[in-house]
Amino acid sequence: MHRAVFQRASYTTVSFMASLVAGKMNAHQPRLQTLAKLIPPLTYNMRKGDCGRVAIVGGCEEYTGAPYFVASSSLRLGTDIAYLICAKDASTAIKSYTPDIIVLPYLQHGEKDERVAAVLAKTHAVSVGSGLGKSEVLQENARQAILAAKGANIPVVLDADSLDIVCKTPDVISGYVKAVLTPNAPEFDRLCKAVGVDPMGSGLSESNATLLLARKLGGVTVVRKGATDVISNGRRVFVCDEASGLRRCGGQGDVLCGATVTFLAWGEKYVAAKTDASLSSSTATAGAASSMSQSSTDAGAAKKKHASSSSLADDIDSNDIPMLASYAACMLTRHASYLAYDEYGRATQASNILEQIDISFDNKFEELLKAVRPANL
């Protein structure tokens, strides 16, 4: 059933059509084709993990739904494995929701737990904070998880209660450019206060305030959630004004976290593929140069391979991936919210938005993926 009061005609595609004819990136929105290049193509030769492994750190006795939404949205978008590291009191409830998530009750200790670092080391991206709660023990567990992710050079998304850690000790994440913070309006204000930024001072716009906060935090990517989502790494700003539903139910931010950690994981796979292609090309070129007897056919093949890998290297700068991942996640989550509201209206819940996240993905990327040259995973 579709709600007549929320017409699909309100769906704003004009801005995205404009971005398609602009450069690879502009000051406000990336091209959809650029985002699509991060998505690993599905082939018969893939193995488990080729589409990414993610970890979600969060979940306590009071809050078991939030980390579930993060993990489930990531799996629905196409990651292969989702580890959910939670408090023991939360593990049974979360396991009862679905057998698809690997639930690990490792947050019951106050001190550093080496099992957490071992799990994170197997992943391509990590989300910390959803459903974490205010317990000092769990907050310390989360802080250690953030440090472990940084130590392993793994992208990390910080949301909800993990942002309290940043407010207390900004140095825990400051300068780590693979980090994405996803505050709502009150959380954004608290982060600004923690680093000495007045978000309302001198008539700062939301875009400029977000840019300044990201800069103060050393170049992390900040996603200021709101009527429009403002994304900045302290150097540039994206604004996602994708049409969304009118409901502001709890759990939408967790779906966003799941989408963000997914695209960050895919970004890591993209960079690895680009590196492998470059190394393969260098080896082929060196072999061609050292072998005077190589046939012209082989030389042509090596040249073609080199040209292909060079094209890959020109596609996306690894430093842009957190911004691109954040924008893609905002766009998909907002569109999923739109689709859910179109069907359920005021009754829309986060579970309804979760049900639409894969449809949102198909609506945005299905046709583009047919035209984008696949990465060599």
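The structure reproduced in this document is the subject of the present report. What you are looking at is a predicted structure, and each value in this text was computed from that prediction instead of being measured. (Residues numbered from 1 in each chain as written. Predicted model: local features only at pLDDT ≥ 70, side-chain atom pairs only at ≥ 80, totals over all residues. Heavy atoms only, no water.)

### Thoughts on the overall build of the protein chain
Here is the rule we go by: For helices the rule is a DSSP run of H or I covering at least 4 residues; for strands it is a run of E covering at least 2, with both sets numbered from the N terminus onward. Burial classification: accessible surface area is computed with a 1.4 Å probe over protein chains only, and a residue below 20% of its type maximum counts as buried, one above 50% as exposed, and the rest as partly exposed. Residue contacts are counted whenever heavy atoms from the two residues lie within 4.5 Å of one another. Residue burial considers only the protein chains on display, and all accessible areas are found by Shrake-Rupley using a 1.4 Å probe.
If you tally the helices and strands in the protein chain, you get 13 helices and nine strands. Across the 377 residues of the protein chain, 53% fall into the buried class. Restricting the contact set of the protein chain to residue pairs at least 6 apart, pairs at least 24 apart contribute 73%. By element, 53% of the accessible surface of the protein chain is carried by carbon and sulfur atoms, the whole surface being about 16600 Å².

### So, the sheet that holds strand β4 (residues 125-128)
Applied cut-off: Each pair of strands is called paired provided DSSP finds at least two bridges between the two strands. Every axis in this analysis is a line fitted to C-alpha atoms, fitted for helices over the stretch in contact. Angles between the N-to-C directions lie between 0 and 180 degrees.
The mixed open sheet is built from nine strands, whose spatial order is β3-β2-β1-β4-β5-β6-β7-β8-β9. Only two strands of the sheet have a single neighbouring strand rather than two, namely β3 (102-104) and β9 (237-240). When strand polarity is set aside, the average angle formed by the axes of neighbouring strands in this sheet is 15°. Two elements, strand β1 (residues 53-57) and strand β2 (residues 81-85), share five bridges in a ladder whose sense is parallel. Of the residues in β2, the one forming a bridge with valine 54 is alanine 82.

### Quick look at the environment of tryptophan 266
Operational definition: Under this definition, polar contacts are N or O atom pairs within 3.5 Å; protein pairs additionally need one hydrogen-donor-capable and one acceptor-capable atom, and for neighbouring residues in sequence, both atoms have to be side-chain atoms.
Tracing the chain through its elements places tryptophan 266 in helix α10 (residues 252-290). Classification of tryptophan 266 by relative accessible area gives buried; the value is 2%. Along the primary structure tryptophan 266 and leucine 38 are separated by 228 residues, whereas in three dimensions their C-alpha atoms are 5.8 Å apart. One polar contact links the side chain of tryptophan 266 to the main-chain carbonyl oxygen of cysteine 51, over a distance of 2.8 Å.

### Regarding the pattern of salt bridges
Heads up, the rule is: In what follows, salt bridge is the name for a side-chain nitrogen of Lys or Arg lying within 4 Å of a carboxyl oxygen of Asp or Glu.
In total, this model carries 11 salt bridges according to the counting rule given. Taking the shortest distance from any N to any O, the salt bridge between aspartate 113 and arginine 115 comes out at 3.0 Å. Taking the relative accessible area as the measure of exposure, aspartate 113 reaches 13% and is therefore buried. We note a salt bridge from glutamate 206 to arginine 224, for which the minimum N-O separation is 3.5 Å. Note that glutamate 206 is positioned in helix α9 (residues 206-216) and arginine 224 in strand β7 (residues 221-224), a separation of 18 residues in sequence. Since its relative accessible area comes to 13%, arginine 224 is described here as buried. One network of salt bridges, with partners in common, ties together Lys134, Asp161 and Asp164.

### Here's the deal with the nonpolar core
Burial of nonpolar side chains together is a common tendency in soluble globular proteins. Here is the rule: By nonpolar core we mean a set of buried residues, namely Ala, Val, Leu, Ile, Met, Phe, Trp, Tyr and Cys, connected to one another through side-chain atoms within 4.5 Å.
In terms of nonpolar packing, the biggest core is built from 58 residues, with Leu35, Phe263, Met331, Leu332, Phe361 and Phe365 touching the most fellow members. Here the element with the most residues in this core is helix α12 (residues 321-344); it accounts for 12 residues. Leu132, Leu138, Val156 and Leu163 belong to the second largest nonpolar core, which has 44 residues in total.

### Let's talk about the environment of phenylalanine 188
Tracing the backbone through its elements, the reader meets phenylalanine 188 in helix α8 (residues 185-194). The sequence separation of phenylalanine 188 and valine 223 amounts to 35 residues, and the corresponding C-alpha distance is 9.1 Å. Leaving out residues up to four positions away in the same chain, phenylalanine 188 has contacts with Pro183, Pro199, Ala209, Thr210, Leu213, Val222 and Arg224.

### Concerning the packing of aromatic side chains
Each aromatic ring pair is specified by the distance between its two centres and by the angle formed by the two planes. Defined as follows: Each Phe, Tyr or Trp ring, with Trp reduced to its six-membered ring, pairs with another whose centre is within 6.5 Å; inter-plane angles below 30 degrees give stacked pairs, above 60 give edge-to-face pairs, and intermediate values give tilted ones. Remark: a charge is flagged as sitting over a ring if the NZ atom of Lys or the CZ atom of Arg is within 6 Å of the ring centre and within 35 degrees of the ring normal.
On inspection of all chains with the given rule, the structure shows seven aromatic pairs. Ring centres of tyrosine 68 and phenylalanine 69 lie 5.5 Å apart, and the angle between their planes is 55°; on these two criteria the pair is classed as tilted. Across the pair, phenylalanine 69 and tyrosine 68 agree in class, each one buried. Aromatic side chains tryptophan 266 and phenylalanine 361 sit 6.2 Å apart centroid to centroid with 65° between the ring planes, which places their arrangement in the edge-to-face category. Taken together, the positions of tryptophan 266 in helix α10 and phenylalanine 361 in helix α13 (residues 350-371) put the pair 95 residues apart, joining distant regions of the chain. Note on phenylalanine 361: relative accessible area 11%, which makes it buried. Among the aromatic side chains, those forming a connected cluster through ring pairs are Phe263, Trp266, Phe361 and Phe365. Seen from the ring of phenylalanine 188, arginine 224 lies directly overhead, with NZ or CZ sitting 4.9 Å from the centre.

### Some points on the side chain of threonine 262
Within the secondary structure layout, threonine 262 lies in helix α10. Threonine 262 sits in the buried class, given a relative accessible area of 0%. Other than its neighbours up to four places away in sequence, threonine 262 contacts Ser74, Leu77 and Thr79.

### Thoughts on the packing of α8 against α9
Helix-helix packing is characterised by the crossing angle of the two axes and by the distance between the axes. Test applied: The labels follow the angle: roughly parallel below 35 degrees, roughly antiparallel above 145, roughly perpendicular from 65 to 115, and oblique for the rest. Each crossing is labelled by how the near helix is turned from the far one, with a counterclockwise turn of less than a right angle marking it left-handed and a clockwise turn marking it right-handed.
Packing of α8 against α9 brings their axes to within 10 Å, and their N-to-C directions diverge by 50°. Overall, the two elements α8 and α9 adopt an arrangement that is oblique. As α8 packs across α9, the resulting crossing turns out to be left-handed. Residues Phe188, Leu191 and Cys192 of α8 touch α9, and the partners they reach there are Ala209, Thr210 and Leu213.

### Points about the layout of surface pockets
Quick reminder of the rule: With a 1 Å grid laid over protein atoms only, a set of points is called a cavity when a 1.4 Å probe fits there but cannot get out and a pocket when it is open yet has protein on both sides within 12 Å along at least five of seven lines; lining residues have an atom within 4 Å of a point. Grid points are joined across faces, edges and corners, and a volume is the space filled by probe spheres set on the points. All residues other than Ala, Val, Leu, Ile, Met, Phe, Trp, Tyr, Cys, Pro, Asp, Glu, Lys and Arg, Gly among them, are scored as polar; the first ten of these are nonpolar and the last four charged.
Roughly 750 Å³ of internal volume is contained in the largest pocket. In this structure, the largest pocket is lined by 31 residues; those nearest its centre are Asn184, Lys225, Gly251, Gln252 and Gly253. Contributions of two or more residues to the lining of the largest pocket are made by α3 (65-77), α8, α10 and α12. Partitioning the lining of the largest pocket into residue classes produces nine nonpolar, 11 polar and 11 charged.

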